[in-house]
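# Summary of the model geometry
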Amino acid sequence: SAAKVAPAAWSAPGASVAPSERAAPPREPADPFWRPWSEDALADLRERGVPVFVDFTAAWCLSCQVNEAVALNDAAVRARFAELGVAALRADWTAGDEAIGRALAALGRASVPVYALYAPGSAAPLLLPELLTPAIVLRFLERNIPSRRY
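Residues numbered from 1 in each chain as written. Predicted model: local features only at pLDDT ≥ 70, side-chain atom pairs only at ≥ 80, totals over all residues. Heavy atoms only, no water.

## Comments concerning the overall build of the protein chain
- Within the protein chain, the secondary structure is distributed over 5 helices and 5 strands.
- Written out in order from the N terminus, the α and β elements of the protein chain read β-α-β-α-α-β-α-β-β-α.
- Residue burial in the protein chain is summarised as follows: out of 150 residues, 37% are buried.
- Taken as a whole, the protein chain presents about 8800 Å² of accessible surface, with 58% of it coming from carbon and sulfur. (Helix = DSSP H or I, 4+ residues; strand = E, 2+ residues; numbered from the N terminus. Buried < 20%, exposed > 50% of the residue type's maximum accessible area, 1.4 Å probe, protein only. Areas by Shrake-Rupley, 256 points an atom, 1.4 Å probe, with all protein chains shown as cover.)

Here it is, written out as structure tokens:
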């Protein structure tokens, strides 16, 4: 008797494949709004008292791409980041970077998307929901980052 095989349409692409083994779609050219995440970059910014927003993402993560298009590329969101002096770091887990995997585990997460806000004076990062809208991000910033006064 022939073994039954589930049609490809019934299984999620890459569902049982490690991130480093997944075929990643080509990434867009670098967006200057984002700086690459590293443990050292995050530590340096936090040491200087800079609020930091980290986008833990991957090219193969559909939710990540939607959140980026809908919320993180929104002009009002980016303007508010600038007004509040929030540094934006992107932790691109497309290739399964081990340091990013450790950072996700430290946040109690096993995969992306994860959005973390490191507010000055706060020991632990604050996590945003996995699905974002501009309003969610703007409200989160307002509640957790004091306005800069000059």
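There's plenty left to go through after this.
## Re the packing of aromatic side chains
- One pass over the structure, following the stated rule, counts 7 aromatic pairs.
- Seen in terms of ring centroids, F33 and W34 are 5.2 Å apart; in terms of plane orientation they differ by 85°. Their pairing is edge-to-face.
- The aromatic ring of F33 is capped on one face by R78, whose charged end is 4.1 Å from the ring centroid. (Phe/Tyr/Trp six-rings, centres within 6.5 Å; stacked < 30°, edge-to-face > 60°. Lys NZ or Arg CZ within 6 Å of the ring centre and 35° of its normal.)

## Focus on unusual backbone geometry
- A cis geometry characterises the amide bond from V112 onward to P113, with omega recorded as 10°.
- Mapped onto the secondary structure, P113 falls in the loop between α4 (98-106) and β4 (114-118).

## Considerations on the state of the cysteines
- All chains considered together, the criterion is met by 1 disulfide.
- Here C61 is linked by a disulfide to C64, with a sulfur-sulfur distance of 2.3 Å. With the S-S dihedral at roughly 80°, the linkage between C61 and C64 falls on the right-handed side.
- For C61, a relative accessible area of 6% translates into the label buried.
- Judged by relative accessible area, which is 1%, C64 ranks as buried. (Disulfide = S-S within 2.5 Å.)

## Here's the deal with the sheet that holds strand β3 (residues 87-92)
- Spatially, β1-β3-β2-β4-β5 is the arrangement adopted by the 5 strands of the open sheet, whose pairing is mixed. Strands with a single pairing partner mark the edges of an open sheet, and in this sheet they are β1 (35-36) and β5 (126-127).
- Packing of helix α2 (residues 62-72) onto the sheet brings it into contact with β2 (52-57), β3 and β4, and relative to β2 it is tilted by some 145°. (Pairing = 2+ DSSP bridges. Contact = heavy atoms within 4.5 Å. Axes fitted to C-alpha atoms, helices over the stretch in contact; angles between N-to-C directions.)

## Topic: the pattern of salt bridges
- Counting across every chain of the model gives 8 salt bridges.
- With its nearest N and O atoms 3.9 Å apart, the salt bridge here joins E39 to R102. Taken together, the positions of E39 in helix α1 (residues 39-47) and R102 in helix α4 put the pair 63 residues apart, joining distant regions of the chain.
- With a relative accessible area of 43%, E39 lands in the partly exposed category.
- R80 is the partner of E142 in a salt bridge, and the nearest nitrogen-oxygen pair spans 2.5 Å. (Salt bridge = Lys/Arg side-chain N within 4 Å of Asp/Glu carboxyl O.)

## Some points on the pairing of β2
- With respect to burial, β2 is a largely interior element, 6 of its 6 residues being buried.
- Here β2 shows no split at all, with V52, V54 and F56 on one side and F53, D55 and T57 on the other all buried.
- In this sheet, β3 lies alongside β2 in parallel orientation, the contact comprising 6 bridges. Counterpart to V54 in the pairing with β3 is L89.
- Relative to β4, β2 is paired through 5 bridges, and the arrangement is antiparallel. Opposite F53, over in β4, you have L117 as the bridge partner.

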